[in-house]
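# Observations on the three-dimensional arrangement
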Amino acid sequence: MAMDNNYRSGFVALIGRPNVGKSTLMNHVVGQKIAIMSDKPQTTRNKIRGVYTDERGQVVFLDTPGIHKPHSKLGEFLVKTARDALDEVDLVLFLIDAAEGYGPGDRYIMENLRNVKTPVFLVVNKIDQVHPDELLPLIDRYRKEYPFNEVVPISALQGNNTSTLMDLLISHLPEGPQYYPADQVTDHPERFIVGELIREKVLEMTREEIPHSVAVVIEEMKRREDKDIVDVRAVIYTERPSQKGILIGKKGSLLKEVGKRAREEMERLLGTRIFLDLWVKVKKDWRNEEMMLRQFGYREEE
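The structure displayed is predicted, hence computed values, not measured ones. Going along each chain's sequence as written, the residues are numbered from 1 onward. Local features in a predicted model are, by the rule used here, given only for residues with pLDDT of at least 70; side-chain atom pairs are given and counted only at 80 or more, and totals for whole chains, interfaces and linings are based on all residues. Hydrogens and waters are ignored; side-chain quantities use all the structure's heavy atoms.

### A short note on the confidence of the model for the protein chain
Our working definition: For every residue, the pLDDT score states the predictor's confidence, bounded by 0 at the bottom and 100 at the top. Contacts are assigned to residue pairs with any non-hydrogen atoms lying within 4.5 Å of each other.
Model confidence for the protein chain is summarised by a mean pLDDT of 81, while 78% of its residues fall at 70 or above. Contacts of residues 37-45 to residues separated by more than four positions or lying in other chains number 40 contacts, the stretch itself having pLDDT below 50.

### Observations regarding the pairing of strand β1 (residues 8-16)
Stated formally: Here the term buried applies to any residue with accessible area under 20% of the maximum for its type, exposed to any over 50%, and partly exposed to those in between, with areas from a 1.4 Å probe on protein chains only. Each helix is a run of H or I in the DSSP string that is no shorter than four residues. Each strand is a run of E no shorter than two, and both are numbered from the N terminus. For two strands to be treated as a pair, DSSP must find no fewer than two bridges joining them.
Summarising burial for β1: 8 of the 9 residues are buried, a large majority. Across 7 bridges, the pairing between β1 and strand β3 (residues 57-63) is parallel. Directly across from Arg8, in β3, lies its bridge partner Gly57.

### Remarks on the sheet that holds strand β9 (residues 273-282)
Basically, it comes down to this: Working convention: axes come from line fits to C-alpha atoms, limited for helices to the stretch in contact. Angles between N-to-C directions cover 0 to 180 degrees.
Here 3 strands make up an open sheet; going across it, the order is β7-β8-β9 and the pairing mixed. Looking at which strands have only one partner, the edges of the open sheet turn out to be β7 (215-223) and β9. Between one strand axis and the next, the sheet turns by 15° as a mean value, whatever way the strands run. As defined by bridge partners, strand β8 (residues 229-238) adjoins β9 across 10 bridges and the pair is classed as parallel. By the bridge assignment for β9, Ile236 is matched with Val280. Packing of helix α6 (residues 190-205) onto the sheet brings it into contact with β7, β8 and β9, and relative to β7 it is tilted by some 130°. Each of β8 and β9 touches helix α7 (residues 241-248); the most contacted strand, β9, lies at about 150° to it.

### Focus: helix α5 (residues 162-172)
Residues lying three or four places apart along an α-helix face the same way, a consequence of the helix completing one turn every 3.6 residues. Going by this rule: Within this analysis, the arc is defined by the directions that extend from the helix axis to the C-beta atoms.
When we look at burial in α5, the residues that qualify are Thr162, Leu165, Met166, Leu169 and Ile170. The arc that holds the buried residues of α5, viewed along the axis, is 125°, so those residues lie on one side.

### Points about the nonpolar core
Here is the rule we go by: Definition used in this section: a nonpolar core is a set of buried Ala, Val, Leu, Ile, Met, Phe, Trp, Tyr and Cys residues joined via side-chain atoms within 4.5 Å.
By size, the foremost hydrophobic cluster in this structure holds 30 residues, and its most contacted members are Phe94, Leu113, Val124, Tyr142 and Phe148. Per-element accounting of this core gives the leading share, 4 residues, to helix α4 (residues 135-143). Here Phe148 is in contact with Phe94, Met110, Val120, Phe121, Leu122, Tyr142 and Arg143, once residues within four sequence places are set aside. If you look at the next biggest cluster of nonpolar residues, it comprises 24 residues, including Phe61, Leu95, Phe121 and Leu169.

### Looking at the pairing of β8
As a general feature of sheets, a regular strand has side chains that alternate between the two faces. With 9 of 10 residues buried, β8 lies mostly within the body of the structure. Where β7 and β8 come together, 8 bridges link them in antiparallel fashion. Along β8, the bridge assignment pairs Arg223 with Val230. Count of turn residues in the β7/β8 antiparallel hairpin: 5 residues, of which Asp226 carries a positive phi of about 65°.

Following this line, the structure appears as structure tokens:
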């Protein structure tokens, strides 16, 4: 892509309470799913980078875990990951849920923003779920507590006003290079995305006691010789035998459905046939074991 002297680029952190639509926004902007979406909190566990590129510039999004008060070592890792992202970027998007309104969790996040010198946008998401008359009082409430550089109401799910948000983002970024090829939408390897798709399907289909106890490890992923098939062997880890039983389901019914849904989405994403070999294993209290957290990929980047 030809770049003129006004080409802009930079890194943008998406922060906010769990389940405010950070992953939905990033997936919409880059044009395909690279971060999993769920109605359950703490879905995102790693900083997922999404890349948006046009003729004006390139925006590299860091979709961070929701900032919350942690209750486990995994929770501590998630919050530290989100906080660290604030020091690595050129701009911060603080997403709030218009339908949920102001809450203590937002106050906690704004306290974390007070020492941040990076420009911060307030992005009011899910405006399709509230009456327009409710927006101005809500925005005023947040503006009284933090001097946001911009305020942008959007609906990430429906795409309302997201083009305005992108215009503002690019205009606020510094002049800089194109970090990634124009057709690249993430810097995560396929194995990571495939594992996240499996975890998403588990979140879709299990009860409240399961989601935070699940980790997915891709043990093998390789293309068959002379065939348009990729073999994927994956293990879903839980913390208790009872959770393993729930995940497998009666005569393996739930695990089969998880595998079916994940395989179909993998095939759409990768454009090839997938043979998915899915297993469930128990690692007791893995969320509080440093060794397990490192093994499952929840660790500091080198």
